[in-house]
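# Overview (structure and organization)
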Amino acid sequence: MTPLFAAGSIAGFLKEHDFSDAWSSGLAAIVHAFLIINFFAVAPLIYIWLERKVAGRIQDRLGPTRVGGKFGWLQTLADGVKLIQKEDLCPESADSMLFRMAPYLVFVASFGAFIALPWSDGWVAQNLDVGLFFMLAVMSLEVIGVILAGYSSGSKWSLFGGMREAAQVVSYEIPMAICALVPVVVAGTLNMVDIGRMQAGWLTNWLVLHDPFTFLAFWVYFTVATASVKRAPFDLAEAESELVAGFHTEYSGIRWSYFFMAEYGSMFAVSAIATVLFLGGWHLGVPLLEESGLYQTAGGVFIAHLIGLGVFIFKGCALVFVQMWVRWTLPRLRIDQVMTSCLKYLLPISCFLLLGIASWPLAIHCLKGRTVLFGEPLGEKVYRTSQPTIRPVQSARQPGAMHEKKIGERGEGSLSSWRS
Amino acid sequence: MEIVKSALEPLFSLIHAGSVWAFVLATIGAAVAVVLSQNVVRMAFWLIIALGSTAGLFFALDADFLGAAQLLVYVGGTLVLLVFGVMLTASGPFMQMKTSPGEGVLAGFIGFSLLGLLATSVCTVAWDPHGAVAPIAAAGYNPAEEGNTTRALGMSLLGLRPDKDLGQENARPGTGYLLPFEVASVHLLVVLVGAAYLARAKRRQAPPAL
Amino acid sequence: MPAVELDVYLFVAAVLFVCGAVCMATKRNAIGVLMGVELVLNGANLNFVAFARYTALGLDGQVIALFVIVLAAAEAAVALAIALSFYNNHLTIDVDRGNELHG
């Protein structure tokens, strides 16, 4: 029997048990959506609590202490209940249709990115070949909801916030995409599951330690990602000391909380992308699981993947914590400083990193006769451990319709061709 | 168990086939709404829905790279630019510029005739389904031996056509798109410079010294 | 529920094209006209991709659609710059007011 998740997808599991195409894909979709939306709803509860605690500790306060025991665990839940009870206001001068739609647009954009995010080896809602590109694309839609919210509120503070957001995010998208390309050039694929698998084994296999360019790209990516999810010190769109509350000044109640869920969702999403691209994804950094023989049995594979899930969420949350730490440490930049630091510094740096990573294997091959500094080349180890085959069920197509010709070589082939 | 299976079968087949139909309907509805709405920001909103659903249709057509590119470039880039332009130019009375009813009726008439013409030609022409080749690669995840559209698209932009050139006897190379790719790159550079030149702030007089 | 076939995609593309054309013809806001152009280009793109999937056009359709997306982005940037300088000169974005070249 194949264990549930390790079958690559729930759909594949159901297919093996005589469910029809429609059943398996539909049920798999529902299960995936349920799991992700629950993470999406629960994670902000914890993050907001954590944010308050972090802010409190950094400012030498205690943070929440009353609700739900000594540490104020239930503070966010109480806040949520309060928000749901609040009146859903729509200002008279607002464009009511757009005003009501904008939070949903933001929410959907932030939530949609999780479709292609791998949580553990093969545990992904939809294993897309263009997974990374898809995530970046969907997350870039969030800005439109923010702009519409700012514009339709009919308030000048909101409009200022929306304008700043538009200028900032459109600029920061460019270095963000280029920095995300740096590890992609190393890995040779946009598929996030494959990129994660390449970093199995020791810590030195993590792409952040692959070469100097990926190492720098990680820091640049993280800076730019912080800006693109409009966190401090780049939170000009909602700068409360200048713009009341920026683009969400006029929002109240549950619609306001959608913006916050989306913000924390995107924070985790960009951190998770950084985790998969640079920090080894769901791998421990020590080949404990691979050596322990856990992959020999089906149940062991499941447990290994479960541990991977925990590692992945831990790494993602650690990066979110760093974003909070930065927020309460650094002062906010001015809008012209934000734009200057993007267009004059981060963009040229990221272009340089992309050029550098493209010529790196050639240079090091000439100098040292091998393509990597430490360990073995990527791709050698990808399929060495007996991973279960990941084949999610294609919807609306029978497998026979796929073409028979080979297009190039992929995986080991394309990567090993570097060394030849 | 079997009863439940068969009872819920229609529901799941609805989800299965219905998602593409949902994108079809959303595209059509939003496109019509773009024409009908008078407020230009609402037009932008409906355009976002229309182009986003078109990206969904691209995914349904196995063009996953194109779908993501559509989302990133069109919806996330171009439309933000347009909304930005709306914000810079919409000042009070110019928010709503009504078309005169006569023009509206005329345009509607011509539009419907054009749509009728196109729709009849779509329905009557036999689009040669037998000439179809199997798609390059299915959308979603493709195992190593099947490749994916990203790789094939990238190679064709470099002047190679893996689906046509490689693996054929006496294949004639050079059916790729290297030259158009280079032309498009230069074009983008020119556009970058040109747009910056056109939109630059013109200071008619030097700002007063403080 | 029938599967969505080539005809349906072509029909959607036709609707996008017609909506875009009507939009270009009737909107007086220059940016509204631009949005019409985007709709027309998307209709054409959808045609290319649908033919790429269902006929012998193959990968060519997708490559052309990719070029269309790139050029549409470039076109939008330039047209927006023109619209902004039009606005700077006329203090309105109404295209009917740009009629000094009547002679």
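Cut-off values and rules
Residues numbered from 1 in each chain as written. Chains lettered and ligands numbered in written order. Predicted model: local features only at pLDDT ≥ 70, side-chain atom pairs only at ≥ 80, totals over all residues. Heavy atoms only, no water. Helix = DSSP H or I, 4+ residues; strand = E, 2+ residues; numbered from the N terminus. Buried < 20%, exposed > 50% of the residue type's maximum accessible area, 1.4 Å probe, protein only. Contact = heavy atoms within 4.5 Å. Areas by Shrake-Rupley, 256 points an atom, 1.4 Å probe, with all protein chains shown as cover. Patch = residues over 30% accessible without salt bridge, like charges linked within 9 Å, V, L, I, M, F, W, Y side chains within 5 Å. Salt bridge = Lys/Arg side-chain N within 4 Å of Asp/Glu carboxyl O. Axes fitted to C-alpha atoms, helices over the stretch in contact; angles between N-to-C directions. Parallel < 35°, antiparallel > 145°, perpendicular 65-115°, else oblique. Nonpolar A, V, L, I, M, F, W, Y, C, P; charged D, E, K, R; others polar. Lys, Arg positive; Asp, Glu negative; His and termini not counted. Polar contact = N/O pair within 3.5 Å; in protein donor to acceptor, adjacent residues only side chain to side chain. Phe/Tyr/Trp six-rings, centres within 6.5 Å; stacked < 30°, edge-to-face > 60°. Expected span 1.5 Å × (residues − 1). pLDDT = per-residue confidence, 0-100. Disulfide = S-S within 2.5 Å. Left-handed = near helix turned anticlockwise from the far one by under 90°. Buried area = accessible area lost by both parts, 1.4 Å probe.

Right, let's talk about the overall build of chain A for a bit. Secondary structure assignment for chain A yields 15 helices and zero strands. Taken across its 420 residues, chain A has 56% of its residues classed as buried. For chain A, the proportion of contacts with a sequence separation of at least 24, taken over those separated by at least 6, is 77%. Summed over all atoms, the accessible surface of chain A reaches about 17500 Å², with 68% contributed by carbon and sulfur.

Tallying secondary structure elements over chain C gives three helices and zero strands in all. Secondary structure elements in chain C, listed N-terminal to C-terminal, are α-α-α. When the accessible area of chain C is evaluated, it comes to approximately 3800 Å², of which 66% is carbon and sulfur surface.

Let's shift gears to a nonpolar patch on the surface. All names here are of chain A. A surface patch of nonpolar side chains, about 650 Å² in accessible area, is lined by Val-42, Leu-45, Ile-46, Phe-71, Trp-73, Leu-74 and Leu-77. The element that contributes the greatest number of residues to the nonpolar patch is helix H2 (residues 21–58), accounting for three residues. Judged by relative accessible area, Ile-46 falls into the partly exposed class, the value being 49%.

Moving on, we come to the packing of helix H2 (residues 30–54) of chain C against helix H3 (residues 59–90) of chain C. All names here are of chain C. The N-to-C vectors of H2 and H3 enclose an angle of 175°; their axes lie 9 Å apart at closest approach. Overall, the two elements H2 and H3 adopt an arrangement that is roughly antiparallel. Contacts between H2 and H3 involve Ala-30, Ile-31, Leu-34, Val-37, Glu-38, Leu-41, Asn-45, Phe-48, Val-49 and Ala-52 from the first element and Gly-61, Gln-62, Ile-64, Ala-65, Val-68, Ile-69, Ala-72, Glu-75, Ala-76, Ala-79, Leu-80 and Ala-83 from the second. Residue composition of the contact of H2 with H3, grouped by class: 17 nonpolar, three polar and two charged.

We now examine the side chain of Lys-53 of chain A. Residues and elements named next belong to chain A. Note that Lys-53 resides in helix H2. No salt bridge is formed by the buried Lys-53, whose closest oppositely charged neighbour, Asp-60, lies at an N-O distance of 12 Å. Within the structure, Lys-53 has its side chain in polar contact with the backbone oxygen of Leu-62 (distance 3.1 Å). Leave out the neighbours within four places in its chain, and Lys-53 touches Leu-62, Gly-63, Pro-64, Thr-65 and Phe-71.

Moving on, we come to the packing of aromatic side chains. Overall, the coordinates contain 31 aromatic pairs over all chains when judged by the stated rule. For the ring pair Phe-39 of chain A and Phe-268 of chain A, a centre distance of 4.9 Å and an interplane angle of 55° mean the geometry is tilted. Pair noted here: Phe-39 of chain A is in helix H2 and Phe-268 of chain A is in helix H11 (residues 253–277), with a separation of 229 residues, a long-range link. With a centroid separation of 5.5 Å and 80° between ring planes, the pair formed by Phe-134 of chain A and Phe-59 of chain B is classed as edge-to-face. Taken together, the residues span two chains, with Phe-134 of chain A in helix H5 (residues 131–139) and Phe-59 of chain B in helix H2 (residues 40–60).

To continue, consider helix H1 (residues 6–26) of chain C. Spanning 21 residues, H1 of chain C covers 30 Å between terminal C-alpha atoms, matching the ideal 30 Å at 1.5 Å per step. Most of H1 of chain C is tucked away: 15 of the 21 residues are buried.

The next point concerns helix H4 (residues 101–124) of chain B. Given 3.6 residues per helical turn, the α-helix brings residues three or four places apart onto the same face. Taking 1.5 Å as the rise per residue, H4 of chain B with 24 residues should run 34 Å; its terminal C-alpha atoms sit 34 Å apart, in good agreement. Regarding H4 of chain B, the residues found buried are Ala-107, Gly-111, Leu-115, Ala-119 and Val-122 of chain B.

All names here are of chain A. Taken over all residues, the pLDDT of chain A has a mean of 76, while the share at 70 or more is 82%. Summarising per-element confidence for chain A, the mean pLDDT is lowest in helix H15 (residues 412–416) (35) and highest in helix H9 (residues 212–228) (89). For the stretch residues 1–7, pLDDT sits under 50, and the model shows 20 contacts to residues farther than four places along the chain or on other chains. Scored below 50 in pLDDT, residues 379–420 makes 94 contacts in the model with residues more than four places away or belonging to other chains.

The next point concerns the state of the cysteines. In the structure shown here, the tally under the stated rule is zero disulfides over all chains. Summary of cysteine pairing: Cys-23 of chain C is not part of a disulfide, and the nearest cysteine sulfur, belonging to Cys-19 of chain C, is at 7.9 Å.

Viewed as axis vectors pointing N to C, H2 of chain B and H1 of chain C meet at an angle of 155°, and their least axial separation amounts to 12 Å. The orientation of H2 of chain B with respect to H1 of chain C, classified from their angle, is roughly antiparallel. Crossing hand, H2 of chain B versus H1 of chain C: left-handed. Contacts from Met-43, Thr-54, Leu-57 and Ala-60 of chain B of H2 of chain B reach H1 of chain C at Tyr-9, Val-12, Leu-16 and Cys-23 of chain C. Class assignment of the residues belonging to the contact of H2 of chain B with H1 of chain C gives a composition of seven nonpolar, one polar and no charged.

All right, on to the interface of chain B and chain C then. Tallying the contact residues gives 77 residues for chain B and 66 residues for chain C. Buried surface at the junction of chain B and chain C, summed over both partners, amounts to about 6700 Å²; 79% is from carbon and sulfur atoms. At the junction of chain B with chain C, the criterion picks out zero salt bridges. Counting across the interface, chain B meets chain C through five residue pairs in polar contact (both at pLDDT 80 or more). Top element by residues in the side of chain B that touches chain C is helix H3 (residues 64–89) of chain B. It accounts for 13 residues. In terms of residue class, the side of chain B that touches chain C is built from 55 nonpolar, 15 polar and seven charged.

Residues and elements named next belong to chain A. One pass over the structure, following the stated rule, counts three salt bridges over all chains. Residue Glu-51 pairs with Arg-327 through a salt bridge whose shortest N-O separation is 3.5 Å. Taken together, the residues Glu-51 in helix H2 and Arg-327 in helix H13 (residues 298–327) connect sequence positions 276 residues apart. Its relative accessible area of 5% is what places Glu-51 among the buried residues. On the basis of relative accessibility, which here comes to 22%, the residue Arg-327 falls in the partly exposed class.

Residues and elements named next belong to chain B. Position of Ser-19 relative to the elements: it lies in helix H1 (residues 2–36). Overall, Ser-19 belongs to the partly exposed group, its relative accessible area being 36%. For the pair Ser-19 and Leu-57, spaced 38 residues apart in sequence, the C-alpha to C-alpha distance is 9.7 Å.

The next point concerns the side chain of Asn-45 of chain C. Within the element layout of this structure, Asn-45 of chain C appears in helix H2. Setting aside its immediate chain neighbours within four residues, Asn-45 of chain C contacts Phe-58 and Gln-70 of chain B together with Ala-65, Val-68 and Ile-69 of chain C.

Take the environment of Pro-175 of chain A next. Structurally, Pro-175 of chain A is set in helix H7 (residues 156–187). Along the sequence, Pro-175 of chain A and Val-224 of chain A sit 49 residues apart, while their C-alpha atoms lie 7.0 Å from each other.

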